[in-house]
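# Examination of the molecular architecture
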Amino acid sequence: MIIELASLGTNAKQIDIEFEPADIDLEGELVQIAGKAKLTGKIALVDSKAHLSAAIKGRASLACTRCLEPIERDVEFAFRDIFVDASAETTTEETELADEALDESLVENGQIDMAEVVREQLLLWLPEQIFCREDCRGLCPKCGGNLNLIDCKCDDEEVDPRWAALKSLK
């Protein structure tokens, strides 16, 4: 869904949009949408800038950081965003930005692509590490087997040749 900046007024406009997984381009990312994602919120024009206050709710499919097993998690978070029409910005090459301007997003042709907003916010929500369970044992560094599923017999005593000289120190 596209929102035209010109169609916004100072009175907040209610937004209630559902996205299918195919609507959000997450190809090559660590997260995928599992089922529909819903964005609800309000958007209004304040000082010629579009202020969005919204929440995203849905389900995400990720891979465990340790064992790479697929897992699904509920996604529900709120966010705020500010959009400025790119044509309203200065054209000088060097401009000092105020701190509050760092949180603003430029939009081309006066249009906000809400699917892109959901994509960006979902990637920002993504935790650095996510585990299938607290005691996930991960993958064996030698054979690559999932240590949650197998008891591999790889030799743990084998020392990396780069560290072998340290073994003689006592």
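Look up a bit, the structure's there.
Treat the numbers as computed from the prediction; the structure is a model and nothing was measured.

### Examining the overall build of the chain
From N to C terminus, the chain includes 2 helices and 8 strands. Each helix and strand of the chain, ordered N terminal to C terminal, gives the series β-β-β-β-β-β-β-β-α-α. Counting all 170 residues of the chain, 29% fall into the buried class. The contacts of the chain with a sequence gap of at least 6 include a subset with a gap of at least 24, amounting to 57%. As presented, the chain carries roughly 11,900 Å² of accessible surface, and 49% of it is formed by carbon and sulfur atoms.

### Topic: the packing of aromatic side chains
In total, this model carries 2 aromatic pairs according to the counting rule given. When the ring of Phe77 is compared with that of Phe79, the centres are 6.4 Å apart and the planes differ by 50°; the resulting orientation is tilted. Accessibility classification places Phe77 together with Phe79 in one group, the buried group. Plain terms: the ring middles of Phe77 and Trp125 are 6.2 Å apart, the flat faces sit at 5° to each other, and that makes the pair stacked. Highlighted residues: Phe77 in strand E6 (residues 70-85) and Trp125 in helix H1 (residues 114-125), separated in sequence by 48 residues. Residue classification places Phe77 among the buried positions, given a relative accessible area of 14%.

### Observations regarding the pairing of strand E5 (residues 49-63)
Of the strand pairs in this sheet, strand E3 (residues 31-33) and E5 are connected by 3 bridges, and their pairing is antiparallel. Bridge assignment links Gln32 to a residue of E5, and that residue is Ser61. Across 9 bridges, the pairing between strand E4 (residues 37-46) and E5 is antiparallel. Directly across from Ala44, in E5, lies its bridge partner His51. Bridging between E5 and E6 involves 14 bridges; their strand directions are antiparallel. Across the sheet, residue His51 finds its bridge partner in E6, namely Ile82. Connecting E5 to the antiparallel partner E6 that follows it, the hairpin turn spans 6 residues, and Leu68 within it adopts a positive phi of roughly 65°.

### Description of the side chain of Gln121
By the secondary structure assignment, Gln121 is in helix H1. Setting aside anything within four residues of it in sequence, one finds Gln121 in contact with Ile56, Phe77, Phe79 and Asp81.

### Overview of the pattern of salt bridges
Taken as a whole and assessed by the stated rule, the structure comprises 9 salt bridges. Ionic pairing is found between Glu116 and Arg119, a salt bridge with its closest N-O pair at 3.8 Å. Of this pair, Glu116 and Arg119 both sit in helix H1, 3 residues apart, which is roughly one turn of the helix. Overall, the relative accessible area of 39% leaves Glu116 in the partly exposed class. Classification of Arg119 as buried rests on a relative accessible area of 19%. Here the residues in one salt-bridge network are Glu18, Glu20 and Lys36, joined through shared partners.

Cut-offs and rules
- Residues numbered from 1 in each chain as written.
- Predicted model: local features only at pLDDT ≥ 70, side-chain atom pairs only at ≥ 80, totals over all residues.
- Heavy atoms only, no water.
- Helix = DSSP H or I, 4+ residues; strand = E, 2+ residues; numbered from the N terminus.
- Buried < 20%, exposed > 50% of the residue type's maximum accessible area, 1.4 Å probe, protein only.
- Contact = heavy atoms within 4.5 Å.
- Areas by Shrake-Rupley, 256 points an atom, 1.4 Å probe, with all protein chains shown as cover.
- Phe/Tyr/Trp six-rings, centres within 6.5 Å; stacked < 30°, edge-to-face > 60°.
- Pairing = 2+ DSSP bridges.
- Salt bridge = Lys/Arg side-chain N within 4 Å of Asp/Glu carboxyl O.

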